[in-house]
Amino acid sequence: MNAFPAADALVRRDLGLLWHPCTQMHDHQTVPMVPIARGEGPWLIGTDGRRYLDGISSWWTNLFGHANPRIAAALAEQARTLEHVIFAGFTHEPAVALAEELVRITPAGLDRVFYADNGSAAIEVALKMSFHYWLNQGHGEKTRFIALTGSYHGETLGALSVSDVALYRKTYAPLLLTPFLAPSPDAYEAEPGEGAAQVAQRRLATLRELLEQHAHEVCAVIVEPLVQCAGGMRMYHPDYLAGLRTLCDEYQVHFIADEIAVGFGRTGTLFACEQASVSPDFMCLSKGLTGGFLPLSAVLTRTSVYEAFYAEYSAGKAFLHSHSYTGNPLACRVALETLAIFRDEPVLERNRTLAAHLAARLAPLRDHPHVADVRQTGMIAAVELVADKASRRPFPAAERRGLKVYLHGLEHGALLRPLGNIIYFMPPYVVSTADIDQLVDTAIEGIERAVHA
Ligand SMILES: *Cc1c(COP(=O)(O)O)cnc(C)c1O
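From a predicted model like this one, the values you see are computed outputs, not experimental measurements. (Residues numbered from 1 in each chain as written. Predicted model: local features only at pLDDT ≥ 70, side-chain atom pairs only at ≥ 80, totals over all residues. Heavy atoms only, no water.)

Considerations on the domain arrangement of the protein
Turning to step 1, where the next piece is worked out: Each assigned domain of the protein is listed here: domain 1 (34–67 + 347–451) and domain 2 (73–344).
Turning to step 2, where the next piece is worked out: The straight-line distance from the C-alpha centre of domain 1 to that of domain 2 is 27 Å.
Turning to step 3, where the next piece is worked out: On the domain 2 side, the residues contacting the 32 residues of domain 1 number 27 residues.
Turning to step 4, where the next piece is worked out: Both faces combined, the contact of domain 1 with domain 2 buries some 2400 Å², and carbon together with sulfur accounts for 65% of it.
Turning to step 5, where the next piece is worked out: If you sort the residues of domain 1 by the area they bury against domain 2, W60, T377 and I380 come out on top, with a joint share of 24%.
Turning to step 6, where the next piece is worked out: Counting across the domain 1 and domain 2 interface gives one salt bridge.
Turning to step 7, where the next piece is worked out: The salt bridge partner of R234 is E384, with a shortest N-O separation of 3.1 Å. (Domains from an automatic or database assignment. Contact = heavy atoms within 4.5 Å. Buried area = accessible area lost by both parts, 1.4 Å probe. Salt bridge = Lys/Arg side-chain N within 4 Å of Asp/Glu carboxyl O.)

Set out below in structure tokens:
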């Protein structure tokens, strides 16, 4: 039985000329392409009327529901007022107001805002800005970066350079910069009897050794605070971030916090860095920034960094990085409205209730013979499927067990999109506890099918 509208005209037109991201297009000979007509709260509604509960916030971008009326209204109003203006030499209210709000809500010390238009571009900006800061300070010998194993910071060449997920990196490695890799504080890699806090300390000791040897040639350490998302929703103790802040100060390298996925309430606090009471030197934001409406990113940094570029034109110290759509008024206005929802509604409090419900519903999976780990940080939860529970031997990647869970989800009205054999939940904040029940029930059935296939 083919449960999917394979003959859908839109799908046929798409497959005839489009090329989709993160996809082996050949898969669509068997994996359905899902044509979506509209969205409503946490639901995506197909051209055939089928409904899909968006369990992954459409690649972690959506916070307050699809086609959110409040955000849509702000966007429409802005579109009738000013859709775009060059951002070199010109400015506008949404860009300034958004920068004011970002400086207000992010950790202390982040007082300057640079806009770009997607997450990877924000990473490019942070890497270049860190390098250029040291150059302007007379330290042109600092040209290297330290990244964590299992990290993901995007897929443009610079961002991919500081990423360590083999799927994305391996093929393009000959084109990339080579970072120093420090072992991730990933709690999944705990030794027997070791807790997450001890893993963090052990990994900090290794990072210290790396800095001891290489700090003179290193611009910055870049991390995804608390959760390495694309690397498999691997989670770690906040103590690592506190230790990292201390080490970066001690060895005079920058701390770049990539909060593109974890920012805006995902981990339980507005920003993940708050859980370690640290303020990085650069913070990269995107994804949830616009509530999932439009591409926009921001890099926040310190006044001291900004001042290292501020000089007579002839000194040649200006930062050079520009995108045509920098500071787009529509995107900034939509981001402002998203942040207004955080001010007007008890979002984090509501999320705590939802996260507790999700945790309770996932808890029984801990005893499942093919589940090695159930982990959660706020509104991100993950279930790691393995071939053998005792040894944690993974299923061979080629078996694509996670894909079976994805297909089961689609057949039962849920968008779950596992990362390999890691089934995760990262729903919009507007889901109900009943929605969570549906997501988890569907995932559990899908897991049963996947592990026994
Ligand atoms: C998604 C992501 C990026 C890249 O953002 P894009 O907008 O997809 O380029 C960078 N870092 C992290 C942590 C991400 O999750």
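On we go.
Here's the deal with the packing of aromatic side chains
Any aromatic ring pair is given by two values, namely how distant the centres are and how the planes are angled relative to each other.
Turning to step 1, where the next piece is worked out: Throughout the structure, instances matching the rule amount to 12 aromatic pairs.
Turning to step 2, where the next piece is worked out: Here the aromatic rings of F64 and F342 are separated by 5.2 Å at their centres, their planes lie at 70°, and the arrangement is edge-to-face. Linking F64 in the loop between helix 2 (57–60) and helix 3 (69–81) with F342 in helix 11 (residues 329–344), this pair joins segments that are 278 residues apart in sequence. Of the two residues, F64 and F342, both sit in the buried class.
Turning to step 3, where the next piece is worked out: Each ring, one from F114 and one from F319, has its centre 5.3 Å from the other, and the planes form 80°; the classification is edge-to-face. With F114 in strand 4 (residues 112–116) and F319 in the loop between helix 10 (303–307) and helix 11, this residue pair connects regions lying 205 residues apart in the sequence.
Turning to step 4, where the next piece is worked out: Through a chain of ring-to-ring contacts, the aromatic side chains of F64, F342 and Y429 assemble into a single cluster.
Turning to step 5, where the next piece is worked out: The ring centre of F180 lies 4.0 Å from the NZ or CZ of R144, which sits over that ring. (Phe/Tyr/Trp six-rings, centres within 6.5 Å; stacked < 30°, edge-to-face > 60°. Helix = DSSP H or I, 4+ residues; strand = E, 2+ residues; numbered from the N terminus. Buried < 20%, exposed > 50% of the residue type's maximum accessible area, 1.4 Å probe, protein only. Lys NZ or Arg CZ within 6 Å of the ring centre and 35° of its normal.)

Structural notes on the side chain of T301
Turning to step 1, where the next piece is worked out: Assignment of secondary structure puts T301 in strand 12 (residues 297–301).
Turning to step 2, where the next piece is worked out: The exposure class of T301 is buried, given its relative accessible area of 4%.
Turning to step 3, where the next piece is worked out: With residues near it in sequence (within four places) discarded, T301 still touches G109, L110, D111, R112, M129, D281 and F282.

Some words on the pattern of salt bridges
Turning to step 1, where the next piece is worked out: Applying the stated criterion across every chain yields a total of 25 salt bridges.
Turning to step 2, where the next piece is worked out: Between D344 and R70 there is a salt bridge, and its shortest N-O distance comes to 2.8 Å. Of this pair, D344 sits in helix 11 while R70 is found in helix 3, placing the two residues 274 residues apart along the sequence.
Turning to step 3, where the next piece is worked out: Looking at R70, the relative accessible area reads 29%, which means it is partly exposed.
Turning to step 4, where the next piece is worked out: The residue E101 makes a salt bridge to R343 at a minimum N-O spacing of 2.8 Å. In this pair, E101 sits in helix 4 (residues 93–105) while R343 sits in helix 11, placing the two residues 242 residues apart along the sequence.
Turning to step 5, where the next piece is worked out: Several salt bridges share partner residues, and in doing so they unite D186, R234, D373, R375 and E384 into one network.

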